[in-house]
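Summary of the model geometry
Each chain is listed here by its residues.
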Amino acid sequence: MSDPKKPDVDTSVDESQVDATSRRAKGEFVRGISQFRNTLEEGSTFPPEPGRYHLFVALNCPWCHRVTLARNILGLQGNVTLDVAFPNRTGDDDPAGPNFWEFDPTRIASLTGVPLPECTHETATGRNFRLVQQIYQAEGSDETSVPILYDKASKRIVANESSQIIRMLSQHATALGSSLDHPPDLYPKAKRDQIDELNSEIYADINNGAYKAGFSSDQKVYSTAFGKYFSMLDKLNTRLSDARPFLTGDEFTEADLRLFPTLYRHDPVYYLRMKLNGAKILDYPHLWRWLCRVHGMAGVADSNSLTHCRQGYFGRSWNGVVPLGPLQPMPYPEAFAHPELARE
Ligand SMILES: N[C@@H](CCC(=O)N[C@@H](CS)C(=O)NCC(=O)O)C(=O)O
């Protein structure tokens, strides 16, 4: 018999699936579980080697943002290759049906009126697949999500859970061909208890909490998620008020990495799209400074694009029209680098 008090999943990684069907029926957004959980390991089917592995991502997706951040911060751009899908999924008129991630570097973004230069074809399977769905179908899976860590040698999916992917990239950064002499350890032994605790809270109330607020159709579920999101922002702002540069002290860790994609999106996208209009990150002095500090780290600004985020969150489901703000006190992402907004 399972213990009803014990969670059915690791809640720093996945959302509990208890009563998922009835919760969804009542209007709650409940994130499913990604099934590919193989590990990179010496002597295994998937040994860490330079140049062998590949990532499929969409830059608007915050879970993909975790892996593009890890790739850049760990110096893996040269040896872990990357394909980028268009930020809006297929529409009803697509021959394969709606809601699939698509590789199409010629597709026009409604926000800019031109193709997005970061978008690519699919280059890792050798089959130039148009849809992420086809990568899964080649393995007999009906999943459709990004990110995916893919092995170009065996043509197999290694993993499709971002938290696991970032941990493996960090653990094997040197063997995977990092360009850095000393790639940072994102999950240092001495800090693991703190990181685990922060990961659980940040996942539930911030990363996934934003989706619960924005994608649920039940007022109570939304209100609860809204309350928890802003309480957690308060708590993290207080934590950073002792002038520590990062969440666990002097070193940037997985906990910072997992907080960043949500806070990066908050003012320009989530405030409006996820109905998280209680406050901006700019209103929290310590969180804002932290956000600007992380944004200024090598590889971080390059790991994403607010154009993709805006286009992805507002494009298809907002009549193809993308809102332009905020413009005060200045546009984003420039605000993240503005010296006066980020005073020490
Ligand atoms: N557990 C996954 C969640 C990934 C996820 O939810 N990705 C979304 C995009 S933001 C997705 O691809 N959903 C399925 C789909 O759009 O087909 C992870 O963190 O890697």
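Residues numbered from 1 in each chain as written. Predicted model: local features only at pLDDT ≥ 70, side-chain atom pairs only at ≥ 80, totals over all residues.

Another aspect to go through is the overall build of the protein chain. If you tally the helices and strands in the protein chain, you get nine helices and four strands. Taken from N to C terminus, the helices and strands of the protein chain fall in the order α-β-α-β-α-β-β-α-α-α-α-α-α. Relative to a compact globule of 344 residues, whose C-alpha radius of gyration would be 20 Å, the protein chain shows 20 Å and is just as compact. Principal axes of the C-alpha set define a box for the protein chain whose edges measure 55 × 50 × 50 Å. (Helix = DSSP H or I, 4+ residues; strand = E, 2+ residues; numbered from the N terminus. Rg over C-alpha atoms; globule rule 2.2 N^0.38 Å.)

Our next topic: the packing of helix α2 (residues 62-73) against helix α7 (residues 254-273). Following both chains from N to C, one finds α2 and α7 inclined at 125 degrees, their axes separated by 9 Å at the closest point. One way to sum up the angle between α2 and α7 is to call them oblique. Like other packed secondary-structure pairs, α2 and α7 cross with a definite hand, here right-handed. Contacts from Pro62, His65, Arg66, Leu69 and Ala70 of α2 reach α7 at Leu257, Arg258, Phe260, Pro261, Thr262 and Arg265. (Axes fitted to C-alpha atoms, helices over the stretch in contact; angles between N-to-C directions. Parallel < 35°, antiparallel > 145°, perpendicular 65-115°, else oblique. Left-handed = near helix turned anticlockwise from the far one by under 90°. Contact = placed C-beta atoms within 7 Å.)

What follows covers helix α4 (residues 162-171). With seven of 10 residues buried, α4 lies mostly within the body of the structure. Among the residues of α4, Ser162, Ser163, Ile165, Ile166, Met168, Leu169 and Ser170 are the ones counted as buried. The inward-facing, buried residues of α4 contact α2, β3 (148-151), β4 (156-159) and α7. (Buried ≥ 20, exposed ≤ 12 C-beta atoms within 10 Å, placed from the backbone.)

Moving on, we come to the domain arrangement of the protein chain. Domain annotation for the protein chain reports domain 1 (53-171) and domain 2 (191-337). With centres defined by C-alpha atoms, the gap from domain 1 to domain 2 works out at 22 Å. With 22 residues of domain 1 at the contact, the number on the domain 2 side is 27 residues. Among the elements that make up the side of domain 1 that touches domain 2, the one with the highest residue count is α2 (eight residues). Here the side of domain 1 that touches domain 2 is built from residues that sort into 11 nonpolar, eight polar and three charged. (Domains from an automatic or database assignment. Nonpolar A, V, L, I, M, F, W, Y, C, P; charged D, E, K, R; others polar.)

A large share of helix α9 (residues 306-314) lies buried, amounting to seven of its nine residues. Those residues of α9 not exposed but buried are His308, Cys309, Arg310, Gln311, Gly312, Tyr313 and Phe314.

Counting 86 residues, the largest nonpolar core has Val57, Val146 and Leu291 as its most contacted members. Top contributing element to this core by residue count: α7, with eight residues. For this core, the two domains that each supply at least three residues are domain 1 (53-171) and domain 2 (191-337). With residues near it in sequence (within four places) discarded, Val57 still touches Cys64, Val67, Thr68, Leu82, Val84, Val146 and Pro147. (Core = buried A, V, L, I, M, F, W, Y, C linked by C-beta atoms within 7 Å.)

Examined against the element boundaries, Val322 turns out to sit in the segment after α9. Leaving out residues up to four positions away in the same chain, Val322 has contacts with Ser110, Leu111, Arg310, Gln311, Phe314 and Gly315.

With that settled, consider the site of the ligand. Arg31, Ser34, Cys61, Trp63, Arg89, Thr144, Ser145, Val146, Pro147, Asn160, Glu161 and Ser162 make up every residue found near the ligand. When its residues are assigned to classes, the shell around the ligand shows four nonpolar, five polar and three charged. (Near = placed C-beta within 6 Å.)

This next bit is on the pairing of strand β1 (residues 53-57). Burial of β1 is extensive: four of the five residues sit out of reach of the surface. Of the pairings in the sheet, the one linking β1 to strand β2 (residues 80-84) comprises five bridges and is parallel in character. Counted as the bridge partner of His54 is Thr81 from β2. As a crossover connection, the stretch from β1 through α2 into β2 is right-handed. As defined by bridge partners, β1 adjoins β3 across four bridges and the pair is classed as antiparallel. Pairing of Leu55 across the sheet is with Leu149, part of β3. (Pairing = 2+ DSSP bridges. Right-handed = clockwise from strand over helix to strand, strands pointing away.)

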